[in-house]
Each structure stands twice: as C-alpha cells, then as structure tokens.
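A look at the structure
Single-letter residue listing:
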Amino acid sequence: MQEALQFHEARLERARASYNFGIASFRALQSHPLWVNMGLGNRLMEAFFGDAANNADRSFRLGLHRRSFTLGDHRDPADEGHKDNWLVGGPDNEVDLLLIVGSSDENTLAEGVAGLIEIVQRGSHEVVYDEEGNRLENDEEHFGFRDGVSQPAMRGRVSAGTHDYLVKRRVQNAPSGPEWATPGSPLIWPGEFVFGYPRQSPNHFRDPSPVTNADGVLNNGSFLVFRRLKQDVKLFREETERMASSLASHPDFSHFDAELFRASIVGRWPDGTPVQQSSDGPPDQSAAEDRINYFGFGSDTPPIQMSSGETVPGTSGDPSGIVCPFHAHIRKVNPRDRPTDLGAETNTMKMRILRRGIPFGPTYDHAPDETDRGLLFLCYQTSIRDQFEQLMIRWVNSTVNPEPGNNEGHDMILGQNGAETSRERFCVFNSLSGTQAVSSTRRDWVIATGGGYFFCPSIDALKQIASPP
C-alpha cells in the first residue's frame, strides 16, 4: 500500500504541475512500476487455508457460475450469455488463480505479463484466459459515458500524523449527517472493503460496527468479483434511438431525443455531469470536479464549505424521479439520501463497493466491424453476498426497488430480466403533470461472458503460502 500511495502522490504532483489529470498524467511519469494483484479461487483458497473464506461468504464458496441464474444471466444454452458459453469462469473453464497486472508503460506491462505466463506454464499449469484492458480517452466506457465517477472514500490513517489520512479531507463537515471527504464522496469504514477493520453501522453515518471476528488469514484481504461484460454499442445506439422516439410520441415527453434518453437511463451526461445539475440538455461546461457528486435525490443539498474556504453550490433534489428517473443507473446502485427497501438511508452506506473496472476492445467509432468490446468489471468488498449480489439482485434487476412504492423499472444499463421465457426490460418515466410513460426492449446490449469470485489475500497471507511447511 505504501508503494502504491507514493506512486499515486507522484502522479498527482506531476498532474498538478501540468494541469493534466487524464491518462497522459500516467505516461509522463519517470518511473513505471509493474503492479500485480492476485485473486485465489474457491478451490485454491480451500487448499491453502481450509474453510476460512468459505465460512466468511457462502456466495464465494458456490462461485460465480453457480450464482449466474440468480444474478439474472441468460438461461437458454443457445444464448451467448449462458454460463456454458462463457469465455472464462464457466462450469468447464473455472479459474483457480486470477492475476491482475498493470503498468503505466506498455512495454513494462507486456514484459511483465510474458514473464508471469512463463512462470505459470513452467509449473505445468494452464493459462485458460488472458485479456488486455485499456483506459479510454476521458475515462469513458464504450457507450460513451465517463466511468468511475462516483467512489466511496475509505476511512483510515496512513500514519499517526494528525492529518495523514488515507483519503484527503477537503470538506468542512457539519456536526451530523454523512461525513464527506469531498462533496458527495462519503467516508466509509474500511471493514466494508478489507477484513480486520470496523465496518459501517447500518444505523449511523459516522459510527462503526465492531470488527468482525474473521479468520487471521482473511485479515487485510478482500473478496473480488470479476465480470466480463460485453457491450453491444451498435445495438445500444439503435435501441435507445427507437425507445426515445417511442417515448417522445407521448405529449408530456415530446422533448425526449436519444441524447436525453441515454442521459436519463444513466443519470448523467456523457461528461459525468448529473442530469439534476443540467436538466435541460448537455452542459455547456463540464461540472466542476468538486460538484460532480454533490447531489441527493430526496432533498436539496445545501452549499457546502471546502477546507480551502471555497463554497461548492448545492443541487436540487428530485424525490419524484422526474429529472433523474427511479430506474437511472446511478440511482439504482446508490439511492443516496433516500430510504430503501432495506431501511434508512444510513444502510445504503453498507452497500458500497470499491469498483475498479477497465474497458477492453477497440472503441466502436474506430472499429465498427469489431463486435467484442466491453468492460472488465472488478469490485472489492468483504461480502459478495451482501454487497455485490444484493446490489445486482435486489436493486439493479428489480422493477420496484430500491425506492419502494414507485414503479421504477429495470436499471437499463446493468439490469437483467432473468425470466426463462422473456428477457424484456422496461423503465418508467414520470412527468411534472403526473403522467407516466413506459419504454421497453427485448434486446440485451450488455451480456456477461465470463468472470469469477476470488479472494485477494494480504502480503502476509501470501508469505504464508510461499513458506515451506
């Protein structure tokens, strides 16, 4: 962690000097280390450590392909998204070891990957899958929207220094309510993501729950979910054009075009600006980074004071789901200040995950004939069942949750209708006059084509594996 923090700070320092915080800020670095993260599958974890991880999470023990139908994936064996057809992680190509290799330099990365593959094959093991992901310009995903905008901020100190926090505190927080690192980025107790630390209380924004008595080998480790999600950009554009046109035939929704429709089902414009901060159309100027996550759905957010003395403007709420619909992706996965089917809004803080996905494949506009592109979705948490799976099953795939009492529809970006006969998905739009309109599709423009559940052990646990008996 210390090495990663030093690298991160060096990059930020160079980025501030050049006023460039994009991909180029990595390329300009003088040092390009090779980063390797390791995830152990259920069988390998059990061989090394017994039932430690299995006892901590039943879903990990079962594995992703056994949970596939529960997550809403395709049930027809003829479909590409059926687990029997997965490129990796299906019943016939389950993975025991996942290596995630990264570098800010292409040559360093290529040499590092080649060296690791040689080591694996030297041990008479088989590489069943490898794939390269790359950040796209402006950190977009293949549908054209800026990705990774909203992340929780982990509590913790790097040292005993008074202000040496793991995540910088840039907000003058009020005495109560959520505590922000930056506006709209709540501080979460680290036990939600890493074993051996206090977890978030379901009843309080700031108070922790006690440290879970986890097996020692789990401490400082984390569960990792990997999903290879194929994105059909051509179909996404065609279907959203059709759905927008159909929606616009309703008098109260005549202002909808494809651009507004896509922004509405995401909840943000392509540059990341929330639709609540620019409801009439794409913003002329991108939202300031300090404001891009500062909004709620239930109530207006007041102006907030930064530690620097600057004031960040607030954002109007949208309790009726008129500007940011109840089905919008960002509202489905993070209902923010709204109570949910799970209880008070404080409980939503326990549903957060550390998301670390990266796109694969060429962009559609550069290679329209290439059809295999998408997202290598990765997320870290201490409970696959209570975090990732609950997000997907209970909220993303639901047509009535997380804000009960509303006819919401599916999350049209990630949501799936897992029915055996019809996979039709729908979303509901509300107007100021109180009318509703429903838009639907029978086509999937995001298809799961592989993945797995893994445990990422600490360095101490890896040393334990490497030590002779």
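Residues numbered from 1 in each chain as written. Predicted model: local features only at pLDDT ≥ 70, side-chain atom pairs only at ≥ 80, totals over all residues. Heavy atoms only, no water.

Side note on the sheet that holds strand 4 (residues 180-182)
- With mixed pairing, the 3 strands of this open sheet are ordered in space as 3-5-4. Both outer strands of the open sheet, strand 3 (153-154) and strand 4, are each paired with one neighbouring strand and no more.
- Judged from the 2 bridges that link them, strand 3 and strand 5 (residues 185-188) form a sheet pairing that is parallel. The partner of alanine 153 across the bridge, within strand 5, is leucine 187. (Pairing = 2+ DSSP bridges. Helix = DSSP H or I, 4+ residues; strand = E, 2+ residues; numbered from the N terminus.)

Observations regarding the nonpolar core
- Counting 61 residues, the largest nonpolar core has Phe261, Ile265, Phe388 and Trp445 as its most contacted members.
- With residues up to four places along the chain from it excluded, the contact list for isoleucine 265 reads Phe236, Thr240, His327, Ala328, His329, Met412, Ile413, Phe429 and Trp445.
- In this structure, Val88, Leu98, Phe226 and Leu354 belong to the second largest nonpolar core, which totals 18 residues. (Core = buried A, V, L, I, M, F, W, Y, C linked by side-chain atoms within 4.5 Å. Buried < 20%, exposed > 50% of the residue type's maximum accessible area, 1.4 Å probe, protein only. Contact = heavy atoms within 4.5 Å.)

Concerning the layout of surface pockets
- Within this model, the second largest pocket holds a volume of roughly 560 Å³.
- Around the second largest pocket, the lining is made up of 29 residues, and of these Pro178, Trp180, Tyr294, Thr301 and Asp337 lie nearest the centre.
- Along the lines of polarity and charge, the residues of the lining of the second largest pocket split into 11 nonpolar, 12 polar and 6 charged. (1 Å grid on protein atoms, 1.4 Å probe; cavity = no way out; pocket = protein on both sides within 12 Å on 5 of 7 lines; lining within 4 Å. Points joined across faces, edges and corners; volume = space filled by probe spheres on them. Nonpolar A, V, L, I, M, F, W, Y, C, P; charged D, E, K, R; others polar.)

As for the side chain of serine 431
- Relative to the elements of secondary structure, serine 431 occurs in the loop between strand 14 (425-430) and strand 15 (436-441).
- One polar contact links serine 431 to threonine 435, side chain to side chain, over a distance of 2.6 Å.
- Ignoring sequence-local partners within four residues, the contact set of serine 431 consists of Asp252, Phe253 and Ile322. (Polar contact = N/O pair within 3.5 Å; in protein donor to acceptor, adjacent residues only side chain to side chain.)

Some thoughts on the pattern of salt bridges
- Considering all chains together, one arrives at 27 salt bridges under this definition.
- When the shortest N-O distance is used, the salt bridge between aspartate 73 and arginine 227 registers 2.9 Å. In this pair, aspartate 73 is assigned in the loop between helix 6 (64-67) and strand 2 (97-102) and arginine 227 in strand 8 (residues 222-231), connecting sequence segments 154 residues apart. As far as the burial class goes, aspartate 73 and arginine 227 line up, both buried.
- Put simply, glutamate 80 and lysine 230 hold a salt bridge, and the shortest N to O gap is 3.0 Å. Here glutamate 80 is found in the loop between helix 6 and strand 2, whereas its partner lysine 230 is found in strand 8, with 150 residues between them in sequence.
- Judged by its relative accessible area of 15%, lysine 230 is buried. (Salt bridge = Lys/Arg side-chain N within 4 Å of Asp/Glu carboxyl O.)

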